[in-house]
Amino acid sequence: MSSENFATLAFMIDKKQLPKVVYDDMNRVHYDEADLINALLHTLEDGEDQAVTEAMEALLEHMKVHFDYEEGMLKNRGFSMFDIHRHDHARITNETRMAYMNWRNFKDREALSEFIEDDFIEWLELHIQAMDSVAAEFLQKHGEKE
Ligand SMILES: [Fe+2]
Ligand SMILES: [Fe+2]
């Protein structure tokens, strides 16, 4: 492997390094999201513009599924961190939509790579650690909604 390839791969998410929560279905959703992020980073490296656009759209779609899934399990259950958790989902969704619009307008690969590598991946890791882990414990303790 050339050093150039290695530098690129260093930015990929290693799924084994993602924080794990005590609720397995949530981990599966996070692994799927990591796959989409890695696919996007690959297309940014050597794909056509259209492939990058589609990979970004796939990520945004998956984020919606991911966040609706978690919020659906947690809402109306007296989970004290519900609002702050939902707000954190909304914030990264807005930032990612903005990065998507910038991509559509300027096709700036470096800017999009930087957003994904520096902002999005860090957000995902911190969010899982700080928010999803607490939500998973709540769900484990109180069971899924009937
Ligand atoms: Fe999550
Ligand atoms: Fe979450």
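Higher on the page you've got the structure.
Residues numbered from 1 in each chain as written. Chains lettered and ligands numbered in written order. Predicted model: local features only at pLDDT ≥ 70, side-chain atom pairs only at ≥ 80, totals over all residues.

Asker: Can you explain the environment of Glu 70? Please cite residues and give values.
Answerer: Along the chain, Glu 70 falls in helix 3 (residues 49-74). Glu 70 gets classed as buried once you count the C-beta atoms within 10 Å, which come to 23. Apart from the residues lying within four places of it in its own chain, the contact partners of Glu 70 are Met 26 and Ala 135. (Helix = DSSP H or I, 4+ residues; strand = E, 2+ residues; numbered from the N terminus. Buried ≥ 20, exposed ≤ 12 C-beta atoms within 10 Å, placed from the backbone. Contact = placed C-beta atoms within 7 Å.)

Asker: Summarise the nonpolar core; cite the residues concerned and give the values.
Answerer: In terms of nonpolar packing, the biggest core is built from 22 residues, with Ile 37, Leu 40, Ile 116 and Ala 136 touching the most fellow members. Among the elements of the structure, helix 2 (24-46), helix 3 and helix 5 (109-142) are those that each provide at least two residues to this core. The element best represented in this core is helix 5, accounting for nine residues. (Core = buried A, V, L, I, M, F, W, Y, C linked by C-beta atoms within 7 Å.)

Asker: Mind laying out the packing of helix 4 (residues 82-106) against helix 5, listing which residues take part and the relevant values?
Answerer: Helix-helix packing: each pair is described by the crossing angle between the helix axes and the interaxial distance. Interaxial distance between helix 4 and helix 5 falls to 11 Å at its minimum, and their mutual angle equals 165°. Overall, the two elements helix 4 and helix 5 adopt an arrangement that is roughly antiparallel. You can see that helix 4 and helix 5 cross each other, and the crossing is left-handed. Across the interface between the two elements, His 85, Asp 88, Ile 92, Glu 95, Thr 96, Ala 99, Asn 102 and Trp 103 of helix 4 pack against Ala 111, Leu 112, Phe 115, Asp 119, Phe 120, Trp 123, His 127, Met 131 and Ala 135 of helix 5. Partitioning the contact of helix 4 with helix 5 into residue classes produces ten nonpolar, four polar and three charged. (Axes fitted to C-alpha atoms, helices over the stretch in contact; angles between N-to-C directions. Parallel < 35°, antiparallel > 145°, perpendicular 65-115°, else oblique. Left-handed = near helix turned anticlockwise from the far one by under 90°. Nonpolar A, V, L, I, M, F, W, Y, C, P; charged D, E, K, R; others polar.)

Note that every value here comes from positions in space, so none of it alone points to a role or purpose.
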